Amino acid sequence: MFSGGRLLFLVIAIGFIIQSPSYAQSPSPAYVKAIYSLPLSLDPIKMNDTASLAVGNLIYDGLLKFSPSLKIEGALAESWSTSKDGKTLTFKLKKNIYFHNGDPVTAADAEFSLKRALSSESTVRKFYDSIKEIRSVNDSTLVIELNFPFPPFLSVLAGATAKVLPKNKVSDPNFFSSPIGSGAFRFTSLDSKKKEINLVAFEKYHSGMPKISRMILKETTEDEALKLARTGKIHDLANWPLTESDSIFSLGKKISSPVASTWIIGLNTHKAPFNKLKIRQLFKVSIPVDEFRKTFYPDSIKANGYVPNGLTGSQVKVELKVSDIRPPKEKITIAIPRELARGQEMKEMIEKAMTSKGWKVEVNLIPWDQLMEGYSKKLHQAFLVAMNMDYPDADFLLKNFESDNPDNFSGLKNSKIDLLLKTSRATQDRKQRETYYKEALRLIEESAVTVNLFHPRANYWVSKCVQNFIPNILSDVYIDYSKVALASDCETNKVVQQ
Amino acid sequence: MKSMSLFKHVNSSLNPYRWAISVLAAVLISGLFAGISLESRLDTDKKMAESLAPYLATLIESSDRPELLRVLQSIAEATKSDVVLTQDETVFASSRSLEELDRKFIKPKTFVRFFDIDFGNNEIVTTTNIKKSGQSLEDSKVYIISPLLPSMESTLGIFLGAFVASILISLFSARQMRKAIKKALRPMDQLHAEIEGMITDGHLESEPIQIRELEEIRNTVRSTKTALDNAKDQLAETKAKKLSSDAYKRLIHDLHNPVSALRQMASLAHDETQDLETQTEAANSIPRLADQILSQVTSAKKNLEQEPIALRDLNIVDCIKDGIRQVQTLENFKSISASFQDEHITVPHDPLLLKRAIVNLLENGIEAAKSRVRVSVLRNDNNTIIKVCDDGAGMDETKVPVYLQGRGQSGKANRQAFGLSSTNHIVRSHGGKLIYRKSDLGGSSFEIRLGVI
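Reading the values: the criteria
Residues numbered from 1 in each chain as written. Chains lettered and ligands numbered in written order. Predicted model: local features only at pLDDT ≥ 70, side-chain atom pairs only at ≥ 80, totals over all residues. Heavy atoms only, no water. Helix = DSSP H or I, 4+ residues; strand = E, 2+ residues; numbered from the N terminus. Contact = heavy atoms within 4.5 Å. Areas by Shrake-Rupley, 256 points an atom, 1.4 Å probe, with all protein chains shown as cover. Buried area = accessible area lost by both parts, 1.4 Å probe. Salt bridge = Lys/Arg side-chain N within 4 Å of Asp/Glu carboxyl O. Polar contact = N/O pair within 3.5 Å; in protein donor to acceptor, adjacent residues only side chain to side chain. Nonpolar A, V, L, I, M, F, W, Y, C, P; charged D, E, K, R; others polar. Core = buried A, V, L, I, M, F, W, Y, C linked by side-chain atoms within 4.5 Å. Buried < 20%, exposed > 50% of the residue type's maximum accessible area, 1.4 Å probe, protein only. Phe/Tyr/Trp six-rings, centres within 6.5 Å; stacked < 30°, edge-to-face > 60°. Axes fitted to C-alpha atoms, helices over the stretch in contact; angles between N-to-C directions. Parallel < 35°, antiparallel > 145°, perpendicular 65-115°, else oblique. Left-handed = near helix turned anticlockwise from the far one by under 90°. Patch = residues over 30% accessible without salt bridge, like charges linked within 9 Å, V, L, I, M, F, W, Y side chains within 5 Å. 1 Å grid on protein atoms, 1.4 Å probe; cavity = no way out; pocket = protein on both sides within 12 Å on 5 of 7 lines; lining within 4 Å. Points joined across faces, edges and corners; volume = space filled by probe spheres on them. Pairing = 2+ DSSP bridges. pLDDT = per-residue confidence, 0-100.

1. What to know about the overall build of chain A
- Secondary structure assignment for chain A yields 11 helices and 21 strands.
- For chain A, the share of sequence-separated contacts (at least 6 apart) that also reach a separation of at least 24 residues comes to 72%.
- As displayed, chain A has an accessible area near 19,100 Å², and 49% of this comes from carbon and sulfur atoms.

So, in structure tokens, the structure goes:
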């Protein structure tokens, strides 16, 4: 996870030897979901990776949540209202809501949890910086005062980091080793050796007990996950939005949906020659975007710009005039994850295409963790990443380019963009805010700090035994597993014998 | 040919038209209602999409898919349909599935287009172009895809409802029509009853008939009846005159012989050429002949003094039974047996006079009978024969005409003579004959022969 954008490496293959799990016979079948990585943290305010967010969303609940089509619905909140000036939000909590340990969920817990998100230890603080004050009026009423009216704030609260934790338990130093939430599934164990997280259905879940009684989240690579799926030992490969034509789909269900994500090649303005605007612009138009998309991700959606389709700002198109510019003499290195299934082919294609246009480009396939480290330390000249969104508003992605944002991967500093983003956040009028967004995006596109490759289309594979699997157009993080069920006549849990 | 009532005839004649018109009207009315319902339903969908078009256009311009999905979901719930919004023929938002987003829109196959509405095998597709401020947003459309069967269910329901209602109204109307026909034909029944009454009882009083034509018929029947009665009276008068004339003629004829005999006896009594014995016998015969003539005249006078005959077409058996009953109340020692070939024999007769004639014959028979009298009624071609027989000694056949003429003298002071003479007169007045025969029972047998209608 990178500031402003959730960076997910979608097709990673973490190189470890799969320890096929051996599941003892149990009274009820377990739902086995393969994940590309165990969560790096189970603390919602420190979740910077999609794996952590996906697991967190199963264990924890927030005040609000997203429906599959991104409608904001009440989770722990029964109802909510916004004051006329848009600065005061009042939430009424549901009755009979409990944490996994049986304690009732109160407004004080929600106040405590949101204040944690604003604390110095929080890595998601930037999402909550519009908050002025949080106070619980009584056990079931929470009031949030904002510094300025910020319409997307409800989306922030429906996001995967705005989770409610039990106030009197979090101080326990071992709390996040065995976390307690109020989500659909109760954490039971993390087996580091087997790389598995075991969850069970929370019987007092406020929306009704989940239909899956047990869930196993199993870390594995894409290749291994596909093998396990073919042998009927895994129910769910949703962590890997596969290519539509993958032969695995002949063995299970294919559930397809767009997701709010953009694959980009980020350009670091601190690294020459990308410190020069014209060079960045020429590089941006030189990358064989269409060829890349059609060759490697043919069912993805063409990217008009940085913001994914279907979100305000996605329609911004900027034609860059680069006819009088020549490629620089310096070599340019693009870092791409080594774990990409066809990484070598990608390397060859990009290098060949750029060389033919006079560029000296080298594509380096490097391990995911090194890429991440270089990203956070802003060591790469250019890098291939997927930008996911935590809430469906262009503001989320635009934050990446604020001058004072430590997660500004491009190092871009543009006071106009800063002003536009600041003004847009304080603007309640939808059309007016849209104008600011578009102008900011136009400036970002002209700055040429991203080469927008495509918007992926998720093709989720689930076993034929899986029912009620409904994708979420924001991200697989928000898939509602409390409604997912296993067909009674399916026994996929003859799973994996070692 | 089987006859039927006028009501049934009218009702059955109207039935085919009534049903055909009812069904046709029901189909047309229900079809009209169903068509209006379907058109209204689909037009509502289209109008809803059109009214939301400016807002949808704004959201498309903003590329605000989450909000569009919410709006389309609301439209879908309101219209119970799937709603798809396309841009450049690619699905931008859809209420039915997230999977089709950003894919080429596959429009359901339709086979007929009605205005702006396409009908397919399983759905109805209403297409609306997205417009903003009167200007069409290029290649942006909203498709409202309604499942055909549920959409048609309500239409079909309305069709059936309207059809059933129309049929029920038609049935009610038919029932009322039947009542109306019955009511309309009531004057006919009244007329019929009145004509019957006129014929049987001569009853002419009635309520006024409201139908002019029927009133005219009734008046015509009434005047005809009156004319017939008058004609009958005239005929009876003429007949009475003729009977009277005939009686006089018979009297004159019957008196001819005794008077001639009287003249001859008077001539012999004074004919000195005759011997004394002859003269004496002749002289002695003169008072006897004079008595006979006097008796005959007296009997004829009595017969002529009787009330004039009034012939009516009635059952003669009833008349005979009345006579037997009358006689039986007087006689308990001798049996009277009766046999009738038919219980209903209509003969024109005057029941009072004929009963008197029968009673006369029965009384004579009882008086003469040893133990039994038998009455039988036979029908023979155009005649009705009433026989009264007894098992007595019988009569001298040579003297029967004398008795029939009223000249005979019985041991009952001319009673029988007067009875037979009267009976003969009555039978003749009816145009019949009174015939004497020896009875198979050993006594007398008198036959009354009357003409049958």
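2. Here we look at the interface of chain A and chain B
- At the interface, 28 residues of chain A touch 18 residues of chain B.
- On the chain A side of the contact with chain B, G310(A), R430(A) and R457(A) bury the most area, a combined 28% of that side's loss.
- Here chain A and chain B share three salt bridges between them.
- Two residues, D64(B) and R430(A), come together in a salt bridge whose shortest N-O distance is 2.2 Å.
- Counting across the interface, chain A meets chain B through 16 residue pairs in polar contact (both at pLDDT 80 or more).
- Contributions of two or more residues to the side of chain A that touches chain B are made by β12 (253-258), α11 (430-447) and β19 (457-462) of chain A.
- For the side of chain A that touches chain B, the leading source of residues is β12(A), giving five residues.
- For the side of chain A that touches chain B, the class distribution of residues is 10 nonpolar, 10 polar and eight charged.

3. Focus on the nonpolar core
- Counting 137 residues, the largest nonpolar core has I144(A) and F469(A) as its most contacted members.
- Counting residues per element, this core draws most heavily on helix α2 (residues 65-79) of chain B, at six residues.
- Setting aside chain neighbours within four positions, we find F469(A) in contact with Y31(A), D236(A), A238(A), I255(A), Y460(A), V462(A), I479(A), Y481(A) and V484(A).

4. Thoughts on the packing of aromatic side chains
All names here are of chain A.
- The tally for this structure, following the rule as stated, stands at 25 aromatic pairs over all chains.
- Ring geometry for Y31 and Y481: centres 5.9 Å apart, planes at 70°, overall edge-to-face. Residue Y31 is found in strand β2 (residues 30-35), and its partner Y481 is found in the loop between β20 (466-467) and β21 (485-486); the two are separated by 450 residues along the sequence.
- Residue classification places Y31 among the buried positions, given a relative accessible area of 0%.
- Judged by centre distance (5.1 Å) and plane angle (80°), the rings of Y391 and F396 are edge-to-face.

5. Quick notes on the pattern of salt bridges
- All told, the structure shown has 44 salt bridges over all chains when counted by the stated rule.
- With a shortest N-O distance of 2.8 Å, D118(B) and R113(B) are connected by a salt bridge.
- In this structure, R325(B) engages D322(B) in a salt bridge whose closest nitrogen and oxygen atoms are separated by 2.4 Å. Here the residue R325(B) and the residue D322(B) both occupy positions in helix α6 (residues 316-328), the gap between them amounting to three residues, near one helical turn.
- The partly exposed category is assigned to R325(B), whose relative accessible area is 47%.
- Several salt bridges share partner residues, and in doing so they unite D395(A), K399(A), E402(A) and R425(A) into one network.

6. A word on the packing of helix α10 (residues 415-425) of chain A against α11(A)
All names here are of chain A.
- Look at α10 against α11: their axes get within 9 Å of each other, and the N-to-C directions meet at 160°. The pairing of α10 with α11 is recorded here as roughly antiparallel in orientation. As α10 runs across α11, the sense of the crossing is left-handed. Contacts between α10 and α11 pair K416, I417, L420, L421, T423 and S424 from the former with R433, Y436, Y437, E439, A440, L443 and I444 from the latter.

7. Quick notes on the environment of K278(A)
Residue and element names in this part refer to chain A.
- Here K278 is to be found in helix α5 (residues 277-286).
- Sequence separation between K278 and D324 is 46 residues; the distance between their C-alpha atoms is 9.6 Å.
- For K278, the residues in contact, after removing those within four places along its chain, are K321 and I325.

8. Section: a nonpolar patch on the surface
Residue and element names in this part refer to chain B.
- Taken together, the side chains of W19, V23, V27, V164, L168 and L171 make up a nonpolar region of the molecular surface, amounting to roughly 500 Å² of accessible area.
- Elements supplying a minimum of two residues to the nonpolar patch: α1 (6-62) and α3 (148-200).
- When you line up the elements, V23 lands in helix α1.
- With relative accessibility at 34%, the residue V23 sits in the partly exposed group.

9. Things to note about empty space enclosed by the protein
- Counting across every chain of the model gives four cavities of 30 Å³ or more.
- Looking at the largest cavity, it is lined by 15 residues, and the ones nearest its centre are V259(A), A260(A), N309(A), I473(A) and R65(B).
- Counted by class, the lining of the largest cavity contains 10 nonpolar, three polar and two charged residues.

10. Structural notes on the sheet that holds strand β9 (residues 185-191) of chain A
Residue and element names in this part refer to chain A.
- In space, the four strands of this open sheet follow the order β2-β11-β10-β9, with mixed pairing throughout. At either end of the open sheet lies a strand with only one pairing partner, and these are β2 and β9. In this sheet, adjacent strand axes meet at a mean angle of 20° when their direction is disregarded.
- Pairing geometry for β2 and strand β11 (residues 214-219), over six bridges, is parallel. When the bridges of β11 are listed, A34 appears paired with K218.

11. Section: unusual backbone geometry
- Residue P273(A) is reached from A272(A) by a cis peptide bond, and omega for that bond is 5°.
- Checked against the element boundaries, P273(A) lands in the loop between β13 (261-267) and α5.
- One non-glycine residue, K195(A), lies in the positive phi region at around 55°.
- Looking at where K195(A) falls in the secondary structure, it is placed in the loop between β9 and β10 (196-201).
- Residue E89(B) is not a glycine yet carries a positive backbone phi of 65°.
- Tracing the chain through its elements places E89(B) in the loop between β1 (82-87) and β2 (90-94).

12. Focus: the sheet that holds strand β12 (residues 433-438) of chain B
Residues and elements named next belong to chain B.
- Reading across from one edge, β8-β10-β11-β13-β12 is the order of the five strands in this open sheet, with mixed pairing throughout. Because the sheet does not close on itself, it has two edges, and the strands there are β8 (335-340) and β12. Along the sheet, successive strands turn relative to each other by an average axial angle of 15°, direction set aside.
- Two strands pair when backbone bridges link them, and strand β11 (residues 383-390) and strand β13 (residues 444-451) are joined in this way by seven bridges, in the antiparallel orientation. Following the sheet pairing, V388 is matched in β13 by F446.
- Its contacts with the sheet put helix α7 (residues 351-368) on β8, β10 (372-380), β11, β12 and β13, and the angle it makes with β11 is roughly 25°.

13. Thoughts on the environment of V347(B)
All names here are of chain B.
- Here V347 is to be found in strand β9 (residues 346-349).
- According to the relative accessible area criterion, V347 is buried, its value standing at 0%.
- When the C-alpha atoms of V347 and T384 are compared, they prove to be 8.0 Å apart, with 37 residues separating the residues in sequence.

14. Concerning the packing of α11(A) against α1(B)
- Direction vectors running N to C along α11(A) and α1(B) enclose 20°, while the axes themselves pass 11 Å from each other. Considered as vectors, α11(A) and α1(B) are oriented roughly parallel to each other. As for the relative orientation of α11(A) and α1(B), their crossing is left-handed in sense. From α11(A), R430(A), K431(A), E434(A) and K438(A) reach across to α1(B), where they touch T58(B), L59(B), E61(B) and S62(B).
- A class-by-class count of the residues in the contact of α11(A) with α1(B) yields one nonpolar, two polar and five charged.

15. Some points on the environment of L251(B)
All names here are of chain B.
- Along the polypeptide, L251 turns up in helix α4 (residues 212-269).
- Residues L251 and Q296, spaced 45 residues apart in sequence, show a C-alpha to C-alpha distance of 7.9 Å.
- Leaving out residues up to four positions away in the same chain, L251 has contacts with Q296, V297 and A300.

16. With respect to the confidence of the model for chain A
All names here are of chain A.
- Here chain A shows a mean pLDDT of 87. Residues at 70 or above account for 93%.
- Confidence drops under pLDDT 50 across residues 1-26; counting only partners more than four residues distant or on other chains, this segment forms 116 contacts.
- Below pLDDT 50 for its whole length, residues 492-498 participates in 27 contacts with residues either more than four positions away or in separate chains.

17. Remarks on the pairing of β13(A)
Residue and element names in this part refer to chain A.
- For β13, a buried count of seven out of seven residues is recorded, marking the element as mostly surrounded by other parts of the structure.
- Of the two faces of β13, both are covered, the one formed by S261, W263, I265 and L267 as well as the one formed by T262, I264 and G266.
- Where β13 and strand β17 (residues 382-388) come together, seven bridges link them in antiparallel fashion. Paired with S261 across the two strands is N388, which belongs to β17.

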